[in-house]
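Structure at a glance
What follows is each chain in one-letter form.
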Amino acid sequence: PGFAQTTTNAETPMPTDPREILEAAAPFYDFTSPELKPWHLKATYQLYDEKGKPTEQGTFEYWWASPTVYRSTWTRPSATRTVWYTADGNYAQKESGERLSIYEARLSADYLSPLPRATDLDPAKVGLEHKTVSMGKVKVSCITLISLTPQHELIQGVPLGSYCFDPQLPVLRRSYSLVTVTTDFNKIVKMQNRYLASEILVFDGERELLSAQMDPVTSITPSDPALTPSPDAAVVVKLDNKLQIRATVMAGKLIKKTQPIYPRYARDEHITGTVVLKAT
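Residues numbered from 1 in each chain as written. Predicted model: local features only at pLDDT ≥ 70, side-chain atom pairs only at ≥ 80, totals over all residues. Heavy atoms only, no water.

**With respect to the overall build of the chain**
Our working rule: Strands here are runs of E lasting at least two residues and helices are runs of H or I lasting at least four, both read from the DSSP assignment and numbered beginning at the N terminus. Burial classes follow relative accessibility: with a 1.4 Å probe on protein chains only, a residue under 20% of its type's maximum area counts as buried, one over 50% as exposed, and anything between as partly exposed. Working rule for contacts: check all heavy atoms of both residues, and any pair within 4.5 Å makes them a contact.
If you tally the helices and strands in the chain, you get five helices and 14 strands. By the burial criterion, 43% of the 280 residues in the chain qualify as buried. A fraction of 52% describes how many contacts in the chain between residues 6 or more apart in sequence connect residues 24 or more apart.

Structure below.
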């Protein structure tokens, strides 16, 4: 009964202020709350080449037991990747074959964290523009994030992404990123009072990049074997020990400053990797 999935019905009327719209939607996309019961998501996705023709198919799966214990797995003929997050605060990973494309890697974020984070909505740094646009035969309410301060040598006024909602419900229907990339969220269902898109379509302009179809979500137990890292997975330990050096000391020794750029789309989609630093 806790996993009944139905199409959405009329609920609280949508606000008109852009920040209030995002605040109204946030609880329906909070998949980290301890109040959630353990669950499992599985979706089949199709990749497309530069001409928009289908290439490989794959599956994305997500198991969730608690805010600290969960797992994500991508599987297709030429690539596999699994990341387990464990109760001790560490994580384990196992991968083989090709690297995942950014569009299949961000499937995790498209399903589980498609909205901007609260830290990305600082009124001193980000402005919000609100307008109504057409999505097929439906009018949707779109909110565009605009940078109010220069970011990595970019001028002010740069769009940081757009999020379009159903006019009646706080349901995300479309997002824009990387200037030309559009993600459509279709066939919305409700799971534990959260919204999930049964169908996700990703386009670069008119060219399709990825399509995904989600199976009905199922319940699992907190002790589901899938949540235990495989013996051959590489365990990454998060170290808390830090060498403390005063900022004034470091600044005084600075020879040349290079501002590293963490691409916003990668940061928003929680795409991580290894950064190698060389210091003398």
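Right, picking up where we left off after that structure.
**A short note on the pattern of salt bridges**
Put simply, the test is: We count a salt bridge whenever a side-chain nitrogen from Lys or Arg sits within 4 Å of a carboxyl oxygen from Asp or Glu.
Under the criterion given, the structure shown has 10 salt bridges. A salt bridge links arginine 76 to glutamate 56, with the nearest nitrogen and oxygen atoms 2.5 Å apart. One end of the pair, arginine 76, is in strand E3 (residues 70-76); the other, glutamate 56, is in strand E2 (residues 54-64), with 20 residues separating them in the sequence. Sharing partners across several salt bridges, the network here consists of Glu56, Arg76, Glu98 and Glu104.

**Looking at unusual backbone geometry**
Within the chain, glutamine 192 stands out as a residue other than glycine whose phi angle is a positive 50°. When you line up the elements, glutamine 192 lands in the loop between strand E10 (181-191) and strand E11 (194-204).

**A look at the state of the cysteines**
Here is the rule we go by: Count a disulfide wherever a pair of cysteine sulfur atoms falls within 2.5 Å.
Tallied over the full model, the rule gives one disulfide. The side chain of cysteine 142 participates in a disulfide bridge whose partner is cysteine 164; the two sulfur atoms lie 2.0 Å from each other. Between cysteine 142 and cysteine 164, the S-S dihedral sits near 105°, and the bridge is therefore right-handed. One end of the pair, cysteine 142, is in strand E7 (residues 138-147); the other, cysteine 164, is in strand E8 (residues 159-165), and 22 residues separate them in sequence. The two residues cysteine 142 and cysteine 164 agree in class, both being buried.

**Some points on the packing of aromatic side chains**
Where we set the bar: Pairing of aromatic rings covers Phe, Tyr and Trp, the last through its six-membered ring, and needs centres within 6.5 Å; plane angles under 30 degrees mean stacked, over 60 mean edge-to-face, and all others mean tilted. Whether a charge lies above a ring is judged from NZ of Lys or CZ of Arg, which has to be within 6 Å of the ring centre and within 35 degrees of the ring normal.
Enumeration according to the criterion identifies nine aromatic pairs in this entry. With a centroid separation of 6.2 Å and 5° between ring planes, the pair formed by phenylalanine 60 and tyrosine 111 is classed as stacked. Of this pair, phenylalanine 60 sits in strand E2 while tyrosine 111 sits in helix H3 (residues 107-112); the two residues are 51 residues apart in sequence, bridging distant segments of the chain. Residues tyrosine 70 and tyrosine 85 carry aromatic rings whose centres are separated by 4.5 Å and whose planes lie at 20° to one another, so their mutual orientation is stacked. Of this pair, tyrosine 70 sits in strand E3 while tyrosine 85 sits in strand E4 (residues 79-85), and the two are 15 residues apart along the sequence. Given a relative accessible area of 27%, tyrosine 85 falls into the partly exposed group. Through successive ring pairs, a cluster of aromatic residues spans Phe31, Trp39, Tyr62, Tyr70, Tyr85 and Tyr91. The side chain of arginine 71 reaches across the aromatic face of tryptophan 63, ending 4.2 Å from its centre.

**Notes on the side chain of aspartate 166**
Counted only if it meets this: Note on charges: Lys and Arg go in the positive column, Asp and Glu in the negative column, and His and the chain ends are not counted at all. Between N or O atoms, a polar contact is any pair within 3.5 Å; within protein, one atom must be a potential hydrogen donor and the other a potential acceptor, and residues adjacent in sequence are included only when both atoms are from side chains.
You can see aspartate 166 is positioned in the loop between E8 and strand E9 (172-177). Although aspartate 166 lies buried, it forms no salt bridge, and the closest oppositely charged side chain, arginine 173, sits 4.4 Å away as judged by the N-O distance. Side-chain polar atoms of aspartate 166 contact the backbone nitrogen of glutamine 168, separated by 2.7 Å. A polar atom in the side chain of aspartate 166 sits 3.1 Å from the backbone nitrogen of leucine 169. Dropping the residues within four chain positions of it, aspartate 166 is found in contact with Met14, Val171 and Arg173.

**Examining the confidence of the model for the chain**
For clarity, the cut-off: Each residue carries a pLDDT score, the predictor's own confidence in it, on a scale running from 0 to 100.
With 85% of its residues at a pLDDT of at least 70, the chain reaches an overall mean of 85. Confidence drops under a pLDDT of 50 for residues 1-10, and excluding neighbours within four residues, the segment shows 25 contacts in the predicted structure.

**Brief notes about the environment of leucine 121**
Assignment of secondary structure puts leucine 121 in the loop between H3 and strand E6 (126-135). Judged by relative accessible area, leucine 121 falls into the buried class, the value being 16%. On a C-alpha basis, the gap between leucine 121 and leucine 22 in space is 9.7 Å, while along the polypeptide they are 99 residues apart. Non-local contacts of leucine 121, meaning those with residues more than four positions away in its chain, are made with Arg19, Leu22, Pro116, Leu128 and Leu145.

**Observations regarding the side chain of serine 72**
Of note, serine 72 is situated in strand E3. Look past the residues within four positions of serine 72 in its chain and what remains in contact with it is Phe60, Glu61, Tyr62, Arg81, Thr82, Val83 and Ser108.

**Examining the pairing of strand E5 (residues 91-97)**
Here is the key point about a regular strand: its side chains alternate between the two faces of the sheet. Stated formally: Strand pairing is defined by DSSP finding a minimum of two bridges between the two strands.
As paired strands, E4 and E5 are joined by seven bridges and run antiparallel to one another. Bridge pairing in E5 links alanine 79 to glycine 97. Counted along the chain from E4 to the antiparallel partner E5, the turn is five residues long, and its residue glycine 89 has a positive phi close to 90°. Examined bridge by bridge, E5 and strand E14 (residues 234-236) share three bridges and lie antiparallel to one another. Residue pairing in the sheet places tyrosine 91 in a bridge with valine 236 of E14.

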